[in-house]
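Here are the chains, one letter per residue:
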Amino acid sequence: MQAMKRSILADIAAIAAIALLVTVTFYWIEARREVIFLCDNFSPGVSKKSVLRQLNTANLLLWDTEFMANGSKVEAYSPLHFGIMQCSVEFNKQDIVVFSIVE
């Protein structure tokens, strides 16, 4: 009887681990898609206001603004990727996109 309980508990733990792995993988892929999709929308000539509005619609991304001598820079990234994959968008002094790149 005791061995059967252990076997059932081991099966439940294995199923839970597999479900967790599938869930984390799904969110990891969606976060990657979000970074790539949004970064492709930020072509030269787009306003900073439009970029920030689009970034605010993201569910799995965080973003930071850095001010530079010749404008500013926004870096969007997903915590699920530990900052490895990010979208960098540089703006000129008029808050217009100069370029964007996925790093």
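(A) Layout of helix H2 (residues 48-55). Residues of H2 that are buried include every one of Lys48, Ser50, Val51, Gln54 and Leu55, and no others. Summarising the axial view, the buried residues of H2 lie within an arc of 160°, below the 170-degree limit, and thus occupy one face. Opposite its buried face, H2 presents the exposed residues Lys49 and Arg53, each directed more than 90 degrees away. If you follow the buried residues of H2, they end up packed against helix H1 (2-41), strand E1 (62-68), strand E2 (71-77), strand E3 (86-91) and strand E4 (97-102).

(B) Geometry of the state of the cysteines. For the structure on display, the rule yields one disulfide. There is a disulfide in this structure between Cys39 and Cys87, and the S-S distance comes to 2.1 Å. What sets the handedness of the Cys39 and Cys87 disulfide is the S-S torsion sign, and at about 75° it is right-handed. One end of the pair, Cys39, is in helix H1; the other, Cys87, is in strand E3, and 48 residues separate them in sequence. On the basis of relative accessible area, Cys87 is assigned to the buried category, the value being 2%.

(C) Quick peek at the nonpolar core. Ranked by size, the top nonpolar core spans 16 residues in total, and within it Phe42, Val51, Leu55 and Cys87 carry the most contacts. Contributing elements (two or more residues each) for this core: H1, H2, E2 and E3. Residues within four places of Val51 in sequence aside, it is in contact with Phe42, Val46, Phe91 and Val97.

(D) Structural view of the packing of aromatic side chains. Applying the stated criterion to the full structure yields one aromatic pair. A ring pair is formed by Phe26 and Tyr27, whose centres lie 5.5 Å apart and whose planes are at 75°; its orientation type is edge-to-face. When the ring centre of Phe91 is taken as origin, the NZ or CZ atom of Lys48, which lies over that ring, is 5.5 Å away.

Definitions and cut-offs
Residues numbered from 1 in each chain as written. Predicted model: local features only at pLDDT ≥ 70, side-chain atom pairs only at ≥ 80, totals over all residues. Heavy atoms only, no water. Buried < 20%, exposed > 50% of the residue type's maximum accessible area, 1.4 Å probe, protein only. Helix = DSSP H or I, 4+ residues; strand = E, 2+ residues; numbered from the N terminus. Arc of directions from axis to C-beta. Contact = heavy atoms within 4.5 Å. Disulfide = S-S within 2.5 Å. Core = buried A, V, L, I, M, F, W, Y, C linked by side-chain atoms within 4.5 Å. Phe/Tyr/Trp six-rings, centres within 6.5 Å; stacked < 30°, edge-to-face > 60°. Lys NZ or Arg CZ within 6 Å of the ring centre and 35° of its normal.

On their own, these measurements won't tell you what the molecule is for.
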